[in-house]
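# Residue-level structural notes
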Amino acid sequence: MSALPERAPDARPTPVTGRRDVRLFAGLGVALFALQYLVSGRIPGNGFDGADYVEMITHGITNGTPSTRLRPLVIVIDQALYRLLSLDPILIFQATNLVFACLLSFLLADLCRRYGASRLATGTLIGCVFLGIATAKMFAYYPNLVDVGAYLFITLAIWAILDGQTLRIAVCSVLAVLSREFGGVVLLFGVARDIRLRRGD
């Protein structure tokens, strides 16, 4: 059973009332992620998948492997910035990861507010995510990966499903799938939620 209380089946989640709090937690999340850049160092070279992602940014999406080409969304965004700004691809990854982290922390805080979480609970979640090895420190040390962006787009799809607008759900779910192949699990979440709330009747 979820620790967060669900609303009645016929009620849609209401918007966050403490919008200022959500913005503050977004700032906290990106500040903690930026801190990871200062304390984590950086991987020598471009890593394994990271080398493919850099190649895809600099020479085109088709230069990736079959696996990395399954996750084009973040690369397309970074490639557009690379062509526009002509910066080092690693700097592009680091900058977009900061933006993704800010938006991700905003959405996580917004989801907490939807379910009536206390400020302490929301702050604890943001702290755990953006101080965690698997969710932040790894990508500060190894920035040229797509996972921070994938976390954002998958969370955005969950947020859209809870919001309940069909077009928004469809668009955000497609973005989730294009960001990382396991993003498709959000579709199962949406189907299961509709069945549980009897929206499919």
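Quick caveat: nothing in here was measured; it's all calculated off a predicted structure.

The phi torsion at serine 86 lies on the positive side, around 55 degrees, for a residue other than glycine. Positionally, serine 86 belongs in the loop between α3 (72–85) and α4 (89–114). In this structure serine 86 comes out as exposed when scored by relative accessible area, which is 59%.

This part covers the confidence of the model for the protein chain. As a general rule, the predicted coordinates of low-pLDDT regions are not to be interpreted in detail. Mean pLDDT over the protein chain: 89, with 90% of residues reaching 70 or higher. Note that pLDDT drops below 50 for residues 13–17; the model gives that stretch ten contacts with residues more than four away or on any other chain.

Counted under the stated rule, the structure contains four aromatic pairs. Ring geometry for phenylalanine 33 and tyrosine 37: centres 5.3 Å apart, planes at 70 degrees, overall edge-to-face. With phenylalanine 33 and tyrosine 37 both in helix α1 (residues 19–40) and four residues apart, this pair spans about one turn of that helix. Pair check on accessibility: phenylalanine 33 and tyrosine 37 agree, each one buried. Ring geometry for phenylalanine 139 against tyrosine 151: centres 5.9 Å apart, planes inclined by 75 degrees, an arrangement best described as edge-to-face.

Most often, soluble globular proteins have nonpolar side chains that are buried together. Formed by 37 residues in total, the largest nonpolar core has its most connected members in Phe33, Tyr53, Ile75, Phe93, Phe100 and Phe130. Of all the secondary-structure elements, those providing two or more residues to this core are α1, α2 (49–59), α3, α4, α5 (119–131), α6 (133–141) and α7 (147–163). At nine residues, α4 tops the list of elements feeding residues into this core. If we skip the residues at most four places from it in the chain, phenylalanine 100 touches Val74, Ile77, Val148, Gly149, Leu152 and Phe153. Counting seven residues, the second largest nonpolar core, distinct from the first, contains Ile154, Ala157, Ala160 and Val186.

Turning our eyes to something else, we now look at α2. Those residues of α2 not exposed but buried are Gly50, Asp52, Tyr53, Val54, Met56 and Ile57. Close packing links the buried residues of α2 with α3 and α4.

Checked against the element boundaries, aspartate 163 lands in helix α7. For aspartate 163, the side chain forms a polar contact with the side chain of arginine 114, separated by 3.5 Å.

Okay, the pattern of salt bridges next. For the structure on display, the rule yields eight salt bridges. Note that aspartate 163 and arginine 168 form a salt bridge whose closest N and O atoms lie 2.5 Å from each other. Accessibility expressed as a relative area gives 8% for aspartate 163, which makes it buried. Salt bridges here are not isolated pairs; linked through shared partners, they connect Asp49, Arg71, Asp147, Arg180 and Glu181.

Criteria and cut-off values
- Residues numbered from 1 in each chain as written.
- Predicted model: local features only at pLDDT ≥ 70, side-chain atom pairs only at ≥ 80, totals over all residues.
- Heavy atoms only, no water.
- Helix = DSSP H or I, 4+ residues; strand = E, 2+ residues; numbered from the N terminus.
- Buried < 20%, exposed > 50% of the residue type's maximum accessible area, 1.4 Å probe, protein only.
- pLDDT = per-residue confidence, 0-100.
- Contact = heavy atoms within 4.5 Å.
- Phe/Tyr/Trp six-rings, centres within 6.5 Å; stacked < 30°, edge-to-face > 60°.
- Core = buried A, V, L, I, M, F, W, Y, C linked by side-chain atoms within 4.5 Å.
- Polar contact = N/O pair within 3.5 Å; in protein donor to acceptor, adjacent residues only side chain to side chain.
- Salt bridge = Lys/Arg side-chain N within 4 Å of Asp/Glu carboxyl O.

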